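Observations on chain architecture
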Amino acid sequence: MKIITHTVKPKIPAALAPLEEIAHNLWLSWNFDAVMLFIRLDYEVWLKSEQNPAKMLGMVTQARYEELAKDDSYMAALAEVWGKVERYRNGETWYKGDYEKMVAYFSMEYGMDVSLPTYSGGLGILSGDHMKTSSDLGLPLVGVGLLYRQGYFRQYLNADGFQQESYPENDWYNMPVHRCLDAKGEAVKISVDMAGRLVIAQVWEVEVGRARLYLLDTNIEENGEGLRGITATLYGGDKETRIRQEILLGIGGIRALRAIGIDPAVTHMNEGHSAFLALERVREVMREKSFSFEEAAQVVWQTNIFTTHTPVPAGNERFGIDLMEKYFRPWAEELKLDWKDFLALGREKPSDDQEPFCMTVLALKTSAYCNGVSRLHGRVSREMWKTIWPGLSDEEVPIDYVTNGVHPRTWISWNMLELLDRYFGPRFYDEPMNLDIWDRMDRISDEELWRTHERRRERLVAFSRDRLKTGLKRIGASDSSLMRADDALSPYVLTISFARRFATYKRGDLLLSDPDRLLRLLSDHDRPVQLIFAGKAHPHDLPGKEIIKELVHFSRRDEVMSRIVFLENYDMTMSRYMTSGSDLWLNTPRRPLEASGTSGMKAGLNGVLNCSVLDGWWAEAYEQAVGWAIGRGEEYSDEALQDEIESKALYDLLEREIVPMFYARGRDGLPREWIKKMKASMKMTGKRFSSHRMLMEYSEKFYYPALGNAARLAADGAVQAKAAADYLTRAKAAWGQIEVTDFKTDAKPVMERGDPVTVTAFVRLGALDPDAVAVEIFHGDVSMKDQIERPDREIMSAVKRHGDEWEYSIKVTCSRTGRQGYSVRVLPKHEGLAQGFIPGLVKWA
């Protein structure tokens, strides 16, 4: 059937014209006064549009527009918000540099707002907060992702409490995105060859304050049905769908930026899904500069950043050699690589022909700057990937960490923001990078903070009842069941929430390990407790679905029916209600399987106290003044034993500390000790775990150095990178000849602090000169396992040549007490290397 299409826009009076621009910029998602403009526009339509301002503009009647255009109150509110928009756009920013060289940030998903459902969970929410914060700071950063026709699934429960999924279609023409157009007014499109089939993708733009996000879409006429479905669902389909999506994201994403006119100087891969971008960037450099693969790879390596989020090997994307052969055999030829050498880019052990191709390994090998997302996760990642850098200690594996953060104005409830704005002053909005402003928490009276929090709990209870009734009506529940939903929960009871993805390692059912003890908590007449659970299991995760079903069944017991609920279809709206209206935020992962976690940060910003296993962010955030820790950071090999110990520890905390503190009220009815913890938690979270701290740290650790590398490469035509590549070729060829033949010290068996020690080493360098290597002394405390811990590294000096050996020497001072040890090693050295740890190039004595 032939169809001719065109787009119809709403006819908005000129006086209300700013509404359209505000509706199509996700700046409104963290500015509640802008959201209020649309709620006031027509509240019923706001609800029907599912809180989508761009969509509701086409649903509002013309009469209502004309009415509001004459409403001086509404027009004044619109003028105030529009003025705020323009001040934000034109205001001074934290970043003071130029915008000629950009950072391109790649992520499989982005959680910006409920009006743009292109996310599934924590990774997407983090990416969304990353984009919003880059806008606040004025960073030279653009985002790249995919535009999913169905996004992630919507969750609903059947009558037995078992999770089901639906996949509603997204209507992009009624969402805050628009197609990118070229100078001729035609849609910007790019093409990528996939196993001999040409895939065409059009590019869409999302405005995020000052920042821009570009999303690729294959659901267009030029593609056949099989190819149109590449961007159908997020994390859907089989392995072949996944490799196609990741080719499109990485390779297609780079081409999309080029087509728009953006030449990214630096690329930042948020997880390994986009790692194929490194191959595209290498191919471009080889073609433009007539470089070899090794030379082009050195250029890209110095300007690539990779963030890993996965703390277990099984969670990292791997593709079988059959799929790699199908999609990348021509790439190996174009990059002038032997097929085995090409596959080695994605293998921990390049000589293992049976090892599949890992996207995380590809990203690690092609990025000079790599990081985990919490201090503990950095340690776990170094341990997990150390085989890529044989010869390095775990601490030296070049994977740093930047602990995640959350965007405060997105996640702090508007009630709480009103209070904070009043006490913190205008700098709280104008200077979000000023983290010390959170020290003003102590200015807020206990009474005001508690009243604000109680209002949020009331709103959470009302929201929960409404969601419960919606789910019950859908399954045809009886009138009596609907009436019970009206009575579910209480706005005056200690409210504990657990909301996250229902993977088994997160242990959403830990509280069910002792049902009798739980029943006593829930049914206590004097000090009652209520529980709210929410979250989705992956469609193929049957054990996760069984946990949800078990919780639902328990919640239907007569003794607890009004005290425990499971809310369907956890999304950003529900998250805002739960992280602002709960009293206690519960987190029970198996340490160290939680890379970071951010929901607890959102809760902490709202004064909701955390009770969590010491994993992810909480391992570095916890102190007694701000919340509670389940255990002391133990790690177990016996999961059943772990569950037993930690469930008992959790119940002990609830019964002996948490519940008594919440209900310990003075004559004024205020829980003063609880409020004291709330203030301490808000201050700590705001100062240490905002996304502004996170982005400033990314900038200083990675963005600025990588942009500096890019500027240097541009200035000298990548001559230094070419020289570094040539050096590495020589070094790898000569490395087998390098040997530390002997080393010695003049230390006596017992030394005193401050005494000098001279270390002398004799090193064969083969075909390399002394200025081509760094000979280091590696010294520090010696453990009971005869390993050097907390080492210091110092460069030794070449003293003289003895035949085919060089003598190196250094004098160090005994600065520590206890058993001390020394060793010597050789590392590569070249001014063109961004860092000196190169896989396979370490030689120890």
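The shown structure was predicted, so the numbers you read here are calculated from the model rather than taken from an experiment.

Criteria and thresholds
Residues numbered from 1 in each chain as written. Predicted model: local features only at pLDDT ≥ 70, side-chain atom pairs only at ≥ 80, totals over all residues. Heavy atoms only, no water. Pairing = 2+ DSSP bridges. Helix = DSSP H or I, 4+ residues; strand = E, 2+ residues; numbered from the N terminus. Axes fitted to C-alpha atoms, helices over the stretch in contact; angles between N-to-C directions. Contact = heavy atoms within 4.5 Å. 1 Å grid on protein atoms, 1.4 Å probe; cavity = no way out; pocket = protein on both sides within 12 Å on 5 of 7 lines; lining within 4 Å. Points joined across faces, edges and corners; volume = space filled by probe spheres on them. Nonpolar A, V, L, I, M, F, W, Y, C, P; charged D, E, K, R; others polar. Buried < 20%, exposed > 50% of the residue type's maximum accessible area, 1.4 Å probe, protein only. Expected span 1.5 Å × (residues − 1). Phe/Tyr/Trp six-rings, centres within 6.5 Å; stacked < 30°, edge-to-face > 60°.

What the 6 strands build is an open sheet, ordered 19-18-17-20-21-22; its pairing is parallel. Edge positions in the sheet fall to strand 19 (564-567) and strand 22 (627-630), since each has one partner strand and no second. Neighbouring strand axes in the sheet, compared pairwise and without regard to direction, differ in orientation by 20 degrees on average. Sheet topology note: the strand 20 (residues 584-587)/strand 21 (residues 609-613) ladder contains 4 bridges and is parallel. Within the sheet, the bridge partner assigned to L584 lies in strand 21 and is L609. Across the sheet, helix 19 (residues 446-474) is in contact with strand 17 (494-499), strand 18 (529-534) and strand 19; its angle to strand 19 comes to roughly 65 degrees.

The next point concerns empty space enclosed by the protein. Throughout the structure, instances matching the rule amount to 4 cavities of 30 Å³ or more. Of the volumes computed, that of the largest cavity is approximately 90 Å³. Forming the boundary of the largest cavity are H779, G780, D792, T813, C814, S815, R816, Q820 and Y822. Only strand 25 (773-782) and strand 29 (820-828) provide two or more residues apiece to the lining of the largest cavity. Broken down by class, the residue content of the lining of the largest cavity amounts to 2 nonpolar, 5 polar and 2 charged. Of the volumes computed, that of the second largest cavity is approximately 50 Å³. As for the second largest cavity, its lining consists of R500, W585, N587, E594, G597, T598, S599, G600, N610, S612 and W617. Contributions of two or more residues to the lining of the second largest cavity are made by strand 20, helix 24 (599-605) and strand 21.

Time to look at the side chain of K84. In this fold, K84 is placed in helix 6 (residues 72-90). Assessed through its relative accessible area of 17%, K84 is described here as buried. If we skip the residues at most four places from it in the chain, K84 touches W27, N31, D33 and Y429.

With that out of the way, let us pick up helix 10 (residues 277-289). The terminal C-alpha atoms of helix 10 lie 18 Å apart, and with 13 residues this matches the ideal 18 Å at 1.5 Å per residue to within 8%. Within helix 10, 10 of the 13 residues are buried, leaving the element largely enclosed by the surrounding structure. Residue S290 follows helix 10 closely and has a positive phi angle near 55 degrees.

The next thing to look at is the packing of aromatic side chains. Applying the stated criterion across every chain yields a total of 34 aromatic pairs. Ring geometry for F463 and Y577: centres 4.2 Å apart, planes at 10 degrees, overall stacked. Taken together, the residues F463 in helix 19 and Y577 in helix 23 (residues 572-581) connect sequence positions 114 residues apart. Relative accessible area serves as the criterion here: at 25%, Y577 is assigned to the partly exposed category. Taken together, a centroid distance of 4.9 Å and an interplanar angle of 80 degrees make the contact between W617 and F689 edge-to-face. Here F689 lies in the loop between helix 27 (672-688) and helix 28 (691-715) and W617 lies in the loop between strand 21 and helix 25 (618-621), a separation of 72 residues in the sequence. Neither residue differs from the other here; W617 and F689 are each classed as buried. Here the aromatic residues F276, F328, W331, W339, F342 and F357 are joined through ring pairs into a cluster of three or more.

Attention shifts here to the environment of L213. With respect to the helices, strands and loops of the structure, L213 is situated in strand 10 (residues 211-217). The exposure class of L213 is buried, given its relative accessible area of 0%. Separated by 72 residues in sequence, L213 and L141 place their C-alpha atoms 9.1 Å apart. Setting aside residues no more than four positions away along its own chain, L213 makes contact with Y110, M112, M131, G143, V144, G145, W204, E205, V206 and V208.

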